[in-house]
Structure formats: structure tokens, C-alpha cells
Protein chains: 4
Amino acid sequence: MIIVTKRGVTQDELDHIRERVEALGLRTHVSQGEHRTLIGCVGDEERLQSVSLLSIPGVEAVHAVMKPYKLASREFAADPTRIPLGGVQVGGQEVIVIAGPCSVEGGDMLLRTARAVGAAGARALRGGAFKPRTSPYSFRGMGEEGLEMLAAVRAETGLPIVTEVMDTRQVELVASYADVLQIGARNMQNYSLLTEVGRLRRPILLKRGMSATIEDLLLAAEYIMSQGNPNVILCERGIRTFGTATRNTFDLAAIPVLKKETHLPVLADPSHAGGRRDLVAPLSYAAIAAGADGLIIEVHPEPESAASDGDQSLDFDEFASLMSTLRPFVAAAGRTLAS
Amino acid sequence: MIIVTKRGVTQDELDHIRERVEALGLRTHVSQGEHRTLIGCVGDEERLQSVSLLSIPGVEAVHAVMKPYKLASREFAADPTRIPLGGVQVGGQEVIVIAGPCSVEGGDMLLRTARAVGAAGARALRGGAFKPRTSPYSFRGMGEEGLEMLAAVRAETGLPIVTEVMDTRQVELVASYADVLQIGARNMQNYSLLTEVGRLRRPILLKRGMSATIEDLLLAAEYIMSQGNPNVILCERGIRTFGTATRNTFDLAAIPVLKKETHLPVLADPSHAGGRRDLVAPLSYAAIAAGADGLIIEVHPEPESAASDGDQSLDFDEFASLMSTLRPFVAAAGRTLAS
Amino acid sequence: MIIVTKRGVTQDELDHIRERVEALGLRTHVSQGEHRTLIGCVGDEERLQSVSLLSIPGVEAVHAVMKPYKLASREFAADPTRIPLGGVQVGGQEVIVIAGPCSVEGGDMLLRTARAVGAAGARALRGGAFKPRTSPYSFRGMGEEGLEMLAAVRAETGLPIVTEVMDTRQVELVASYADVLQIGARNMQNYSLLTEVGRLRRPILLKRGMSATIEDLLLAAEYIMSQGNPNVILCERGIRTFGTATRNTFDLAAIPVLKKETHLPVLADPSHAGGRRDLVAPLSYAAIAAGADGLIIEVHPEPESAASDGDQSLDFDEFASLMSTLRPFVAAAGRTLAS
Amino acid sequence: MIIVTKRGVTQDELDHIRERVEALGLRTHVSQGEHRTLIGCVGDEERLQSVSLLSIPGVEAVHAVMKPYKLASREFAADPTRIPLGGVQVGGQEVIVIAGPCSVEGGDMLLRTARAVGAAGARALRGGAFKPRTSPYSFRGMGEEGLEMLAAVRAETGLPIVTEVMDTRQVELVASYADVLQIGARNMQNYSLLTEVGRLRRPILLKRGMSATIEDLLLAAEYIMSQGNPNVILCERGIRTFGTATRNTFDLAAIPVLKKETHLPVLADPSHAGGRRDLVAPLSYAAIAAGADGLIIEVHPEPESAASDGDQSLDFDEFASLMSTLRPFVAAAGRTLAS
């Protein structure tokens, strides 16, 4: 932590600032400049969180030096975390594609979709049973019945299932069905939920919130990890900006930034990022080119009739075509497509 | 709903679009232009949510005409909603100020703060027992013990209490203590939580999410109201933008926009919006000038030692000074300051 | 400047970093921490701009301590800058209102508008002769003919005129007519234009760019001032964010932040900030409450027929009504309304 | 254009709205709904720009149907525009890489850089002689002397040169040296400058502004094209958002969106988008994967000593390495790398 003092700070103020910091067990180094004085604080920076440094008279600004996350940081683990799923190591050399409908709408559509995406090379099935919807009047999912359908389709096809959990009270239930529990963008800072899924050992797919910085996302992962669950898969799915041409703004650079900052696997969700069916392919290619460990893609037997997110869902043919055109980009990235 | 078709749409495509819409019980009106055809859809627009119009061949764009919220809309209720709190009607002629520490840190500091803010004119006490914190390593509140302290201080001072609920499992507990339950910005789209507090009749203070549009905020209110709880108080607390001079960007215009769009009361939170102690006063004046029904302000006996948000907390003298300088702005707005 | 080194930085790297900094005449102070080393650089920080510190091996981050602007900074001038205009000191105790049409559309409409706004208390007339328009097919102003009309109306009414300059080649021409030259939001970082108007001594009304930070705005002012023109009036007019309810997002907090950071006067433009006629009044009240030195407001004889910005223009009655309801807010702010 | 009327609009108001629209030569179609009436306006939508529809009593909202740009639109030209540069067709099957220093700092460094980037496969040389800098105290380029150095290096190496023009008064001078004139992000809405370069026939590299929407960018291109210059090359270089991990937020999806909306070539600038040397490669791969027609990349002999943008400049080895690792992504995109 570096403290910058106000112009004209008095010696008494300087002494008081140093006392507050040193009382917490850190050492201070003072650099006198012409107009400003800098106080470098060396030691366990976390302890400084218990003081409101900016409220101390004479303090103008405070610069953090340490990253506020630990378990999620690249420094904590030299090797990338690899999370087994459907015979693939997510975060390993292989690129994984997870696909399926936005919402589980019935057993038949789910099974047909699972077979189609599995045949095309997807290694896991996505599908929401509990759906966060902006309007209370929209379809909000089939609930436990949807989970049962997911389990039945897994039994039939062998595809592991990825499904969302929205409520601390559902964690146990969802965990009894799902291979991966998804935390949606709107719940990325639902700390009770993060804490609860942190008590599991099941992999958690954590989607970036619409206005979350990279640091916010890694702190959300830290919530889960600090409870004992190291199996966190991050997912870039677009952020909210002034742009209107796409549903969200796909923050592609977040992928290589995350790969440097953390040892956790990083997926991309081109369906939500663009919100447009015609953008799924180019965004998928780009995500892989930028180093993503995999993709999660919405596929529906008949997008026009989808209960949710039809605008951004691929049909079976489009998905199969995507998988085949994706392959050379995976190879260019020096990886292989799990299938 | 107005559907804009693609250039070169065929008659078959047009017929198919109209069929899909009319099958849902709406009527269609076709306007043929030179390059585009418009299809006006008249009737219960909500039913169109079950179709992905953009996925239908020939559709280029869709323009919604109806607002997606109803109960929260100005059209639903001619008169402003007034919610009794501490002898004031929130949303009425009087302006209310709610004040207190960010977090409950102990019984003594809470009582001292309550007495100080009450003496200066605050009509309700805020204070968090369950704290959403960006880092899992930060102080996360005293939990039920904090709620007990709040209740004890209410008994002592007569000030009603406003406190946050973060988890569906805590709703009953928090409701057994709180006069107003607060939903924080990070939980504004925690739909399970909104649904749960919708089952209460206790007032809910709903803070705008960091990247929530006005429509998103009103849809979150709609979640609560559609469960039967009409007592929703909205709160503008700043949004996330590219700006760095302030913690958030105070979207002042949201106040008059909300006053036009909805009958619900609208408060402002100048502490979080600016994130700086020196901005609390000007932002408070401006919020009242723009039509806010009240303010919620962080006050701490010794901001320098606050367990959270010390940078933006006023001390007792600053708060008393704010209350007296606020008065002429309240009068200029044609209102009175409850006290 | 504080340099934070990478974990595992070598002594050679440290030596090289210090050499580079010291070669520029600054002194360095090294603070060794457990994981990171801090190097405080004391002296003329500006010289460090000639080195790309982040490119030096071993450097992880760089924190600037000094503000990059000088002449515009509060530290440069203890007293607020006051700029005479129409018998008022902009930046003084009085609040000034500048009003008029978006574009000059003709001599008659301009004269009528000038008389109406003057009678209601405006102290200067705005009106564009050169108009920056998003589309090349929109009305782009009457050019020099418009300037002549402005001058004629000034002669008739005594109101000084504020008008935009868009091109370095027009500066001399516009300066031969205008009392204040306006630099529009889209040209806030047109550095050639800033440099050119810096050679004048005429006041410059500098509008904040749509994505300009406070620092960017003050650096734009610095461009003008560093050429010798100290008469810069800043103007907050809304920034671009994800919000859609208003044309721009009025960054109200920028007003008190600027009043602290700089000695220059600060106006607000509620017409562009909200982009809606019904928001002009509440945004005006709020701007004054937050400490603005004045307002610039669009007024048109018949907004429905305005060649530009009709959606946000007040008619004469609305403007007169605004001026009278504004008065108590001006008084609450401890100021008087020039008139 | 679709006009949505207010609830309770009167027949007189409806008639007045229709009259205003029909007076401009458009036809109207009225769709009566339960709560709202829609008025579809069919004909030359552009003429409606001369009326402020939102100011007409009874109007609630207006939805544009036609795109406001024409010459730049995909509908205007069936075939992609191809612009010859250095033996390549920009916008054709080949992918072009333009590289060079941010600023021209001297003849020797420029020649060395040109030789290095040319040897690695770049087909044009970039380098700024006139530099837009946020601070007036930063290095602002060598001016005409820099242009002469660029021309000398072109003569020596055969590489065509791309260089920025910032001022209408410099257009003729810069055009007398440059093969491509660059309009920087901060000048994207400097309409005088756009108009001036529109009078040339030399290719213009138009960079997207920091807060420009896709529509804003295409309207800026339209300014140039409407003056008669069809040779516009667009460039995505990152937008300003709340993100802090990168200098700007690379809006990758803008690339495929632009390829659909316009026939003009689209480049990407990974150096400015990320602002970090270590992100140039992944962003380059991704841009090509998403369909970009080429890249513009900052390269410097010794980034640590660069007069500007050293943090994001590659050295010669890094650039050569990028070019060779880029090749498989170009092939995966079904294209070839010009060289």
C-alpha cells in the first residue's frame, strides 16, 4: 500500500498516519517529495482493510500494491487448474464445448438436443431448470422436473450436465443432479450463494457479472475457493457498455488477461456476449484464438419457438457447422478439440 | 410491438410472421414501405414473449411499445405510493432522511450514532448486520447479534430500522427485526430474494444495481410487487461507468425519470454514489432539488476507524451540518424536512 | 511516481530501473516488501513521461502521484477565476444563465428568442452558426450568415453571444463575432483547435467530451491555458453510459469534483445532459444545488419545428417558468441569480 | 419511422401528428391498440429529420427504421470495397498487416523499423508525424520533418506509409506525403476534418472513437464518402468502458457486425485496444479469427525508450514472432497473409 499525502501535510499528521499503519504490524517508508510525501507500507496489506485510510487527516490517495485475491491468483498456483468433466480436463490442452438449450423445456427436446450436440462434438450438456429472467412474467424454468429431465438425458447420452443454481436453498437439490453448477452473471456477487457453493466440491461455472471488473470476478471466485472448493471455471459472457449493436459487449481481452492473472480455466459464452445467432461463430473462433479453454453455446431444436434466448440460439445444423469450422482455429491455437 | 422486416422479405415470410403473431391472439397491421415492411402488432404484447421473433425468417428488428412492467408503472396508480415509516409518509410531501453506520459494529457505537442522527433530524436508522463485501476477507457483519443491537437501539430511541437482507434463508429472521428490509445493489437481480421479500408486507428499500437500467430497476420492483408486496421504495445509488473521480457515477436524472415512470417513492444514497465524504453534501442537495423523496446517508462516530465505508461516512458534526444546510433546498423544492 | 516491481525482480533489474529514473534527475527511494519492492520517485515527475516505465524489465505497475495538469489545477490559483460576461463575473457569486436556440435558423427567430430569454433573466445568448451533426445529411448551420445575425441581435438586445467553433480555419472568423467561443463535446480532444483558441484572449466555453474523464477535461483546458488564454469556462453536459432513459448520463458529481480540482468556472448544460424537455428543470435545480456557476439552456420559439435539438428545447413560457422556479435553489446555494 | 403515441392521445393530436408527417411527403398508417396508437411513416424517412417529432403533443416515442447511413451501408454496394495498398487489396482475400512506431522519432529509427517490419511481412509502414496527446506537455510529433522521413523511408524500402492528420489546415500537406491518411479516434467526430479528407481520393484509415457506436462510426465514414471519397478503411481500436485491466475495451464483435453492416474494409488495432504489449498477440489472433481484413500494430526498436506508447509497442523480435504465429489463424479464416 502506498499512501500519498496532501500538499501541506503537517508533521503531526504524518506521524499519526504512520502510527495507524504501524499499529497494524506493517512497516512504513517515507519518501519526501517537493509537493507530496509518499508513505510506502510494507507487510500484510490485508490488515489495512480494517482502517479507512482516506479518512485520516492529511491522506490524499491510497494505492494498493497487492492483489486482493490470493487463492485465485496465478502466484498461488504455478500450474493451471484442470477440472475433469466428461472425460476432458477443463483447463488442459483440450478445448471443451458445452452446448444445449437455454432452458429445459421438456424431455424430448432435451434428448434430441443432447444427441445432436453430442454427435457434433459437444462434451457436456447445458440447460436451465431455474432461470433468472429480467421480467417476473417470463418463463422461469421447470424447476426440479427440469433437473430430472437433465439427469435422464445424461443417463441416456452419457453427457455430463451443467445447470444454474440461483438460490442458497436450492444448492443441495441442484448439486444432487448437476455435474457442474452454474452461477449466472446476475448472481456473481450474490455472496451467500457463492459461499454456499464453496462448501461443495462439485465444479462451479462462474459467469462474469455485467459490470464486474476482472478483479471483481476473481474475488467472486475467491469467495468460493476460500470455502474449500477449488474447482472454479470462469466464464466471460460480455459486459454492459454504451454499445447497442450487440446484447452485451464481448470483452475478449478478458480471456488472455484472466489466463495471466489466474490458474483457473476460462471459458467464453459467445451466445450471451453477442446475443445474435449470426455472431456466435465469429465470437467462438475469436475466443479460442485468444486462448479460451472452451465454449458454452446455446442450441435449440427450433430457435424460433424457444422459451428463452431464441434470438441467440443455434439450430442443430448451425451448431454442427460451427464445430467443424472451429477445428482449424483450435489447431492454430496449438490445442485439440475434445470429442 | 412493431416488427420491421428485412429488405427483400418474401410474401411467404410475411405471412408466416403474421401467423405466428396472430396465433397468440394479437392483431397485425402491415405498412408497406419502399425498402421495409412494418408489422404493427396490437393486443396483449406480453404474449409475444413466448416467441423469439428475431429468429423468424424475414424479421430484421423488433420494437417494443408497451413497458414490460405494470404494477410499478405510473399508469397503474394515479396517486403516488406513500409508505409510512417513523411517523413520515415516504413518498409524501415530507422529505425523509435515513442515517446510520454502514455496518453495526457494536451496541454502543450504534446507540451513540442513533442519538446523534436522531437529534439532527434523521427519522430512521440504517445499519448493516449482514454485509455484502467484494472480498471474502473483509468484515461481513455481526449477523443476528447486529440485528439484536438494532432492535435494542430502536427500543431506546424510537427510530425505525433499515437493514439489509442478502439471502432467502435470512428473510424471516431479518423481517422479525427490521422495519424496512434493504435489497442491496448487488442483489437487485437476485430474483429468488426479490420473490421472497415479495411475500412480506414490510417495506422494501430496493437499491439500483450498478449496471441496471431504469427498466431493469422497475422490473426488479415488479418482482416484489407481483408477489403481493406493494411497499417498495426505490433508491438511486450510482452506476458503474468509465469515470474514476467518484466511486460510482451518480445518475441524478434517474430521480426525475423514475418520478415520471413510477408511483413508487424514490430515495438517493449520496454516500455510495460519490464514495467520498466531501461529496455527500452537494449530492444530497442536488438529489432533493431533482425531486427525491429522501436520502439515506452513512454516519459513523469515527469514520477513520469504521469497519466498512469509512471513506464516505460523515461524522456527527458533519451530519448535523448537512441537515441544517439541506433545509433551504427542501424548502425550494416545495417540501418540508421530516423531523 | 511510484514504481511497483514484479515478484522475483532481480537486483540488476532494480538497478536498471533506478538508473533510468535517476538519469532524468529524480531521486529514488526503495521500500523492500515481502513480495514486491516499491520505488518512490521524487522530483519532476513530468520528465518521466519520456520513458515507458512499464516497458522496463521488472516493472509491474506505475502509480502517478502528481496531477498531469498545472495551470488548471486548484493549487495553481488560490482564488477562483472570474470571467466577465454581460455584466456578470462567471465563476463569481452570481449564477449566470445562458440561453438560446441550438442553431441560428434566421434573424427573426433569433431576435424573438433573445428578447424572450433576456426578459426572463438570461445574461447571454447561445446559438450555433456552425453545427457539428452526427449525420452529414442533417442541417449543419448557417455559417457566417448566422454569425452576422448573432451580432445584429447582440446590437439590438445587448446580450453577449456564445457560439461554437469547429475548425481551426474558422477561429479568426468566429472570434471576430463571438463574445465566448464554444468548443463542443465532440471536439474536446481536437488538440489543434484547442491550441488555436488558446492563442485568443476571448473566453472559451469548453464542453466535456462524451467519454472524457475529469482529468481529460482538465487536460483539454490545460491545452488552451498553456497557449496563454486563461479564460476557460468548463461545462458538464452528460457522458455516454449504458443508460437509455436519457440522451446522456448527467454526471452531476463532476460539478463539485471540478470545483475542488480547479479554479475555473463550471457550468452545466441540462438540455444536452437529459435530452428531454421535461428534464431541463430538475437537472437545472440540481446543478445549481451542487455548486454550478451557471447554466446553458436551449430555448426555441417553437421547439416542434426546430432545425436541431427540438426534443430538448424549452419554449419561451417554459423558460420563463424555469427561471422563476430556479430562484429559490440559487438562494439556497447562497448565491444570487444574475439578471 | 414508427411513432408511438401517449396513452390518452386525442383525435386532434393524432390528426396533427399525421399532418406534420404527410406534409413532408410520407404516408402514414395508423394501428389502434388498446392503450397506444402506432403511426407507421412510410417514405423518405430522412425528411423527418427536419421535424422534432418528440416535441409534437401526443408523441411518446419514435423508432427509426431506416439506417441513417447510405453510401457506407451494405445495401449500397453488393461487393466488398477493395482498396489497393502496397500491392494488396485491403478488403480482399488477403490479410494486410501495417506496422511501425507510434511516433516518428528520427530517420534512423524509422528506417530500421521499416526494414524489420517489412522483412517480417508487414506491407505498409505506420508512423505519426502529428500526434494527438492527452497532455499538452507530451511529445507532439516532429511535424513536416517527420513526414519527410516517412517519404524517405518509403523510397528506400518501398513500403507505403500511413500517417495521421489532425487539422484541416494540414490535409494538403499530409496528403502530399501519405499513401493513407489516418483519422484518429479523438477526431472521429471532427466533422470539418472528415469533410476535408472527403475531398481527396487517397484512402482514409478511420479509427473508431472511444465512445462511438457502430452507427456513429459508419456516419463518420458517410461524411467522408458523401464528399466523394469512397476509399475508407475502418478500424476497431477499443472503446471506453468501466474496465481497468486494459487501456480500452477491445470490442471484438464490432468486427463481424461491421462486416455485415458495411462493404468497407475493417482493420483492428490490437496495440491501442489492449494498451499492453503482452496482449497484442492474442488480440491479433482473435481479430483475424473474427474476420478482420488486417491489423495495424505498433513496433519500436526499443519500446522502453519510445517517445509515446512504449507500453504497447512490440520490439522487432516480438513482431517477427507474432507474424509467424499469426499465419495459422489467417489460414483457419480461409485467407492468406499478404507478404
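On a predicted model such as this, the values are computed, not experimentally measured, just so you know.

Asks: Could you give an account of the relation of the copies chain A and chain D, naming the residues involved and the relevant values?
Replies: At an RMSD of 0.0 Å, chain A and chain D line up after a rotation of 180 degrees and a shift of 0.0 Å along the axis. Expressed as an axis order, the relation between the two copies is that of a two-fold axis. Proximity to the rotation axis, assessed at the C-alpha, singles out A:Ala286 in chain A; its C-alpha lies 2.0 Å from the axis.

Asks: Kindly report on the interface of chain A and chain D, identifying the contributing residues and their values.
Replies: Taken together, the contact between chain A and chain D spans 31 residues of the former and 31 residues of the latter. Residue assignment for the side of chain A that touches chain D shows that the elements contributing at least two residues are helix H7 (254-261), helix H8 (270-274), helix H9 (280-289) and helix H10 (316-332) of chain A. Ranked by the residues each element gives to the side of chain A that touches chain D, the list is headed by H9(A), at 5 residues. Along the lines of polarity and charge, the residues of the side of chain A that touches chain D split into 21 nonpolar, 9 polar and 1 charged.

Asks: Before we move on, could you go through the interface of chain A and chain C and cite the residues and values that matter?
Replies: A common way to report how large an interface is uses the accessible area buried once the components associate. Taken together, the contact between chain A and chain C spans 17 residues of the former and 17 residues of the latter. If you list the elements that add at least two residues to the side of chain A that touches chain C, you get strand E1 (2-5), strand E2 (27-32) and strand E3 (37-42) of chain A. For the side of chain A that touches chain C, the class distribution of residues is 6 nonpolar, 7 polar and 4 charged.

Asks: Please provide a residue-by-residue account of the relation of the copies chain A and chain C, values included.
Replies: Superposing chain A onto chain C takes a rotation of 180 degrees combined with a translation of 0.0 Å along the rotation axis, leaving an RMSD of 0.0 Å. Comparing interface residues between copies, 100% of those in chain A also sit at the interface in chain C, which points to an isologous, same-surface contact.

Asks: Describe the domain arrangement of chain A, naming the residues involved and giving the relevant values.
Replies: When its domains are assigned, chain A resolves into domain 1 (2-63) and domain 2 (83-337). Inter-centroid distance (C-alpha atoms) of domain 1 of chain A to domain 2 of chain A is 44 Å.

Asks: Break down helix H3 (residues 144-157) of chain B for me, citing the residues and quoting the values.
Replies: All names here are of chain B. A rise of 1.5 Å per residue sets the reference length of H3, with its 14 residues, at 20 Å; its end C-alpha atoms lie 20 Å apart and thus fit the reference within 8%. Of all the residues in H3, the buried ones are Gly146, Leu147, Met149, Leu150 and Val153. Relative to the axis of H3, the buried residues are bounded by an arc of 160 degrees and lie together on one face. Directly after H3, the chain includes Gly158, whose backbone phi takes a positive value near 80 degrees.

Asks: If you had to explain the sheet that holds strand E1 (residues 2-5) of chain B to someone new, which residues and values would you point to?
Replies: Residues and elements named next belong to chain B. Read across the open sheet, the 4 strands follow the order E2-E3-E1-E4; overall the sheet is antiparallel. Two strands lie at the open edges of the sheet, namely strand E2 (27-32) and strand E4 (59-63), each paired on one side alone. The sheet shows a mean angle of 20 degrees between the axes of neighbouring strands, taken without regard to direction. As paired strands, E1 and strand E3 (residues 37-42) are joined by 3 bridges and run antiparallel to one another. In the sheet register, Ile3 faces E3, and the bridge partner there is Ile39. Relative to the sheet, helix H1 (residues 11-22) contacts E1, E2, E3 and E4, its axis offset from that of E3 by approximately 10 degrees.

Asks: Tell me about the pairing of strand E9 (residues 161-164) of chain A, and please be specific about residues and values.
Replies: On a regular strand, one side chain projects to one face of the sheet and the next to the other, so that they alternate. Residues and elements named next belong to chain A. Taking every second residue as pointing to the same face, both faces of E9 are buried, with Ile161 and Thr163 on one and Val162 and Glu164 on the other. Direction of pairing for strand E8 (residues 124-126) relative to E9: parallel, over a ladder of 2 bridges. Considered in E9, the bridge of Arg126 is made with Val162. With respect to chirality, the unit in which E8 leads through helix H3 (residues 144-157) into the neighbouring parallel E9 is right-handed. Bridge count for E9 against strand E10 (residues 180-183) is 3 bridges, and the pairing is parallel. Across the sheet, residue Thr163 finds its bridge partner in E10, namely Leu181.

Asks: Please give an account of the environment of B:Gly40 that cites residues and values.
Replies: Examined against the element boundaries, B:Gly40 turns out to sit in strand E3. By the C-beta count within 10 Å, which is 26 here, B:Gly40 ends up buried. For the pair B:Gly40 and B:Arg27, spaced 13 residues apart in the sequence, the C-alpha separation amounts to 8.1 Å. Setting aside chain neighbours within four positions, we find B:Gly40 in contact with B:Ile2, B:Thr28, B:His29, D:Ser31, D:Leu38 and D:Gly40.

Asks: Can you break down the environment of B:Ile56 residue by residue, with the values?
Replies: The topology assignment puts B:Ile56 in the loop between E3 and E4. Take B:Ile56: there are 21 C-beta atoms within 10 Å of it, and that puts it in the buried class. The spacing of B:Ile56 and B:Ala77 is 21 residues in sequence and 37 Å in space, taken between C-alpha atoms. With residues near it in sequence (within four places) discarded, B:Ile56 still touches A:Glu304, B:His16, B:Ile17 and B:Arg20.

Scoring rules and cut-offs
- Residues numbered from 1 in each chain as written.
- Chains lettered and ligands numbered in written order.
- Predicted model: local features only at pLDDT ≥ 70, side-chain atom pairs only at ≥ 80, totals over all residues.
- Least-squares fit on C-alpha atoms with pLDDT ≥ 70 in both.
- Contact = placed C-beta atoms within 7 Å.
- Helix = DSSP H or I, 4+ residues; strand = E, 2+ residues; numbered from the N terminus.
- Nonpolar A, V, L, I, M, F, W, Y, C, P; charged D, E, K, R; others polar.
- Domains from an automatic or database assignment.
- Expected span 1.5 Å × (residues − 1).
- Buried ≥ 20, exposed ≤ 12 C-beta atoms within 10 Å, placed from the backbone.
- Arc of directions from axis to C-beta.
- Pairing = 2+ DSSP bridges.
- Axes fitted to C-alpha atoms, helices over the stretch in contact; angles between N-to-C directions.
- Right-handed = clockwise from strand over helix to strand, strands pointing away.

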